[in-house]
Each structure stands twice: as structure tokens, then as C-alpha cells.
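Next come the chains, spelled out residue by residue.
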Amino acid sequence: MSLVLGIWHLVVEGGQEKIVNTPASVQITNVSYGEEIADANSRSVVKLSFESLTPPSEESDEEEEKDDEEEGLTVDTTVLCALTPGKIEQATVNLVLDSDAMFKFEATGKNTVYLTGNYIKQDDDDEPSGSEDGYDSEDAYDLRDVSSDVEMHADELEDLESNHSRFEVVIDEEEPTKGQKRARDSDAAEGATQSEKKKNKKLKAEGGQPVSATDEAAPKEDKKDKKKKDKKAEETKKPAAEEKEKKETKEKSTKKTLAGGVVIQDAKVGTGPMAKKGNTVRMRYVGKLTNGKEFDKNVSGKPFTFHLGKGEVIKGWDEGIVGMQVGGERILTVPPNMGYGKSKSGPIPANSTLIFEVKLLEIK
């Protein structure tokens, strides 16, 4: 099964050649003339040249040696279709071009030919590719292991509340010291006198001069005042921290509606560079219908890579990924007009609203 990512087209002028190397697999579906016919008597043959895995015929020892050096690859040419003005001006084809391969198109005659198709993602594109680009099976990011915010349905995020409201701040209070047996007035007075004498003996100022115990009480009072101030400052910081946490939670759960009706909601704000149109981005994603049914995903192996804003994916992605930062996670709610519209695409019914949970891994 393959998933359509966007529209592909190519214009080949009569008598000219064009070499293409697509960033993703392409399925060609239609070949036709345009609105203007340069030569009504000119017949056009559309040819395709490609690297073939068919071993060449044995003609000479020298050719065999050259073929060995090229590992058995040869360039073959085939005919896609033939068009004649006024008779056959359009042809339906079904041909898939693999990504990262070179192809040459040629149109004979004088008339311009238009080729149309789709960028597609095939099942093989999701298979792990070893340690390619540093993403092996052990280091691959898995959306199923991320925070619960990403796994939640988009509608449930409207009820997000700050976690701090579920907790109470408990401040320990000093327990009162247990009462002790009251001393007799005479004993207490005698003990105070003896204690004061001992302190006066121990305390001496510079030069050997005695210092009374009342003079020592001032530093102790300063320590108590400092302790009270520290405690008051700590109590002041707690509400500020709670307010900051509430603000961050509110920012995370805020929804924004973009052009075309695409709704974005950041589950986690990244800390890396910000994605802009024209960037090459590497993504992880899980695609679901509004009923929660999953229709596609890329959570391990080779990340999904495309050029942002170049029409290689659906419009909802070209608009919804812009502004994400590397490491960030976002939920995209894509209406039908920014997705696959009235057309059915694989497991996706016509006129479907799509929900994507995406993470931006890297910007090239």
C-alpha cells in the first residue's frame, strides 16, 4: 500500500530532454498535450531512459570488463506513450519511479508534453535502514514512549488543567517543646546567677576585658531575624513558582487556527532551531482519523524527510509544521480541504479530518 504525499508534474518541450531525480517515490498517472499545439501534424513519442538491472548481452571481452565495473547496470529506454494532435492528446499510465534514482524523459516532435502524478510513500520506506544517518533501531525515537500529552486525543486536551491545583503545600511547623517541671523560684534565681557568672568568666573582649552576657544577646537576635526573613522569602517564592508552572501549562495547551482551517497545538515546545519554509525537516508522526483509528505512522527506523513548503506533502503539513522547534511535539488537526479532500486515499475515507501527532527531530 502507498500513501499519496502531494502532486508531482513535469513539462517536457518538443524535441527536448529532461533529467529528474525525485526526493521521494513518484507515481506517474497521466501524459497529455497542453492548451497550445505548436504543430498539428507532429506526432509526439514520450520516452523514458532509466538504469536497468538486466545484464547486457555479451558482445566482446572489452564490453564485459566495462559491465563488470558498472556492476551489471545499463541504461535502457522505453516508450511511455505516443500522442497525435486531434486524435490522441492524452494517455493514462501507471508507473512508479523510485526515489534517489536518475531518470531521463524525452519528447519527440515539436509539441510540449505534460506529465502528471503524485509523490507517494511506499511500505518499504518505513523499514529500518540500519544505522543510516545515525538513526539505528536502538536510538530511534518512539512516539509511543513520549509523555502522555502526545497520546491523548486532541479533543481531550481542551480540559487540561494545571497539575499544581491537585497538590497542597504543607509547611511544617515547629512542635511546641514539652513542658518541664517548674523549678522553685529560689533555685531558678540561684541557677540564673551562677550561669551568668560563668558566662561573664568565659566572655572577654579584646585586651582581656570582660564582656557581660547581655552584650552577647545581640548577635543571637540577629540570627533569629535572618531566619525569619529567609523563611518569609521562601514562602514568597512558592506562589511565584506555582504561577510560572500555571503559565507554562496554559501556553502548552493553547490551540491556534492557521490559514485553511488547520489547528495546531503544541504538546511540547522544542529548544532547537525553528522550522521555516524551504527547510529540509526530519519527522516522526502518527496519523489518526477522528474516531481514533490509526492509518499511518513513522515512529522508528528512518525518519520521514521532506522539503517544507514545497508541495511534497499535504497542505496541512506544509502549514502546520512551520514554527516548530527541534525537539518539539505538536498535534495537527487537518480539515479535508488541507488534506486529501473529496478523494479516498488508501485507508483514509473521502472528506476526512485527519489528526497527526508529530515530532521534529532535525532541520537540515
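Scroll up to find the structure.
Undergrad: Can you break down the layout of surface pockets residue by residue, with the values?
TA: Unfilled space is identified by rolling a water-sized probe across the atoms. Estimates place the volume of the second largest pocket at around 400 Å³. Lining the second largest pocket we find 17 residues, and of these Val4, Gly6, Ile7, Gly339 and Tyr340 sit closest to its centre. With 4 residues, the top contributor of residues to the lining of the second largest pocket is strand β1 (residues 2–12). Partitioned by chemical class, the residues of the lining of the second largest pocket number 8 nonpolar, 7 polar and 2 charged.

Undergrad: Break down empty space enclosed by the protein for me, citing the residues and quoting the values.
TA: This structure, assessed with the given rule, holds 3 cavities of 30 Å³ or more. Estimated volume of the largest cavity: approximately 110 Å³. Taken together, Leu3, Val4, Leu5, Tyr285, Phe295, Asp296, Phe304, Val313, Ile314, Trp317, Tyr340 and Phe356 form the lining of the largest cavity. Sorting the residues of the lining of the largest cavity by element identifies β1 and β12 (294–298) as the ones contributing at least two each.

Undergrad: Describe the sheet that holds strand β4 (residues 44–52), naming the residues involved and giving the relevant values.
TA: The antiparallel open sheet is built from 4 strands, whose spatial order is β2-β7-β4-β5. The sheet terminates laterally at β2 (17–20) and β5 (74–83), the two strands that pair on one side only. Sheet twist, expressed as the mean angle between neighbouring strand axes with direction ignored, is 20°. Bridge count between β4 and strand β7 (residues 103–107): 5 bridges; the pairing is antiparallel. Following the sheet pairing, Leu48 is matched in β7 by Phe105.

Undergrad: Help me get a handle on the packing of aromatic side chains, residues and values and all.
TA: Applying the stated rule across the entire model yields 8 aromatic pairs. Judged by centre distance (6.5 Å) and plane angle (40°), the rings of Trp8 and Phe105 are tilted. Highlighted residues: Trp8 in strand β1 and Phe105 in strand β7, separated in sequence by 97 residues. The pair formed by Trp8 and Phe105 is uniform in burial state, with each residue classed as buried. Cluster of aromatic residues (ring-pair linked, three or more members): Tyr285, Phe295, Phe304, Phe306, Trp317 and Phe356.

Undergrad: Tell me about the nonpolar core, and please be specific about residues and values.
TA: Formed by 51 residues in total, the largest nonpolar core has its most connected members in Phe105, Leu115, Trp317 and Phe356. A per-element tally of this core places β1 first, with 5 residues. The contact partners of Phe105, leaving out residues within four places of it in the chain, are Leu10, Val12, Gln16, Glu17, Lys18, Val20, Ile28, Lys47, Leu48, Leu80, Leu97 and Leu115.

Undergrad: Run through the sheet that holds strand β8 (residues 113–122), naming residues and quoting values.
TA: Taken in spatial order, the 4 strands of this open sheet run β1-β8-β3-β6, and their pairing is antiparallel. The sheet is open, and its two edges are formed by β1 and β6 (90–97), each paired on a single side. With strand direction ignored, the average angle separating the axes of adjacent strands in the sheet is 20°. Across 10 bridges, the pairing between β1 and β8 is antiparallel. Within the sheet, the bridge partner assigned to Val11 lies in β8 and is Tyr114.

Undergrad: Residue-level account of the side chain of Asp318, with values.
TA: Within the secondary structure, Asp318 sits in helix α5 (residues 315–320). Despite its burial, Asp318 remains without a salt bridge, the nearest opposite charge being carried by Lys277 at 7.1 Å. For Asp318, the side chain forms a polar contact with the main-chain nitrogen of Gly309, separated by 2.9 Å. Those residues in contact with Asp318, other than ones at most four positions away along the chain, are Lys277, Phe306, His307, Leu308, Gly309, Lys310, Gly311, Glu312 and Val313.

Undergrad: Any details on the pattern of salt bridges? Residues and values, ideally.
TA: Counted under the stated rule, the structure contains 8 salt bridges. Of the charged contacts in the structure, one is a salt bridge between Lys288 and Glu357, with a shortest N-O distance of 3.5 Å. Placement of the pair is Lys288 in strand β11 (residues 280–289) and Glu357 in strand β15 (residues 354–363), with a sequence separation of 69 residues. Each of the two residues, Lys288 as well as Glu357, counts as buried.

Undergrad: Can you explain the pairing of β11? Please cite residues and give values.
TA: Buried residues dominate β11, accounting for 10 of its 10 residues. Here β11 runs beside strand β13 (residues 304–307); their pairing, made up of 4 bridges, is antiparallel. Paired with Arg282 across the strands is Thr305, a residue of β13. Two strands pair when backbone bridges link them, and β11 and β15 are joined in this way by 9 bridges, in the antiparallel orientation. Opposite Val281, over in β15, you have Ile363 as the bridge partner. Pairing of β11 with β12 involves 4 bridges; the strand directions are antiparallel. Bridge assignment links Tyr285 to a residue of β12, and that residue is Asn298. Connecting β11 to the next strand, β12, in antiparallel fashion are 4 residues, including Gly292 with a positive phi near 90°.

Rules used in this analysis
- Residues numbered from 1 in each chain as written.
- Predicted model: local features only at pLDDT ≥ 70, side-chain atom pairs only at ≥ 80, totals over all residues.
- Heavy atoms only, no water.
- 1 Å grid on protein atoms, 1.4 Å probe; cavity = no way out; pocket = protein on both sides within 12 Å on 5 of 7 lines; lining within 4 Å.
- Points joined across faces, edges and corners; volume = space filled by probe spheres on them.
- Helix = DSSP H or I, 4+ residues; strand = E, 2+ residues; numbered from the N terminus.
- Nonpolar A, V, L, I, M, F, W, Y, C, P; charged D, E, K, R; others polar.
- Pairing = 2+ DSSP bridges.
- Axes fitted to C-alpha atoms, helices over the stretch in contact; angles between N-to-C directions.
- Phe/Tyr/Trp six-rings, centres within 6.5 Å; stacked < 30°, edge-to-face > 60°.
- Buried < 20%, exposed > 50% of the residue type's maximum accessible area, 1.4 Å probe, protein only.
- Core = buried A, V, L, I, M, F, W, Y, C linked by side-chain atoms within 4.5 Å.
- Contact = heavy atoms within 4.5 Å.
- Lys, Arg positive; Asp, Glu negative; His and termini not counted.
- Salt bridge = Lys/Arg side-chain N within 4 Å of Asp/Glu carboxyl O.
- Polar contact = N/O pair within 3.5 Å; in protein donor to acceptor, adjacent residues only side chain to side chain.

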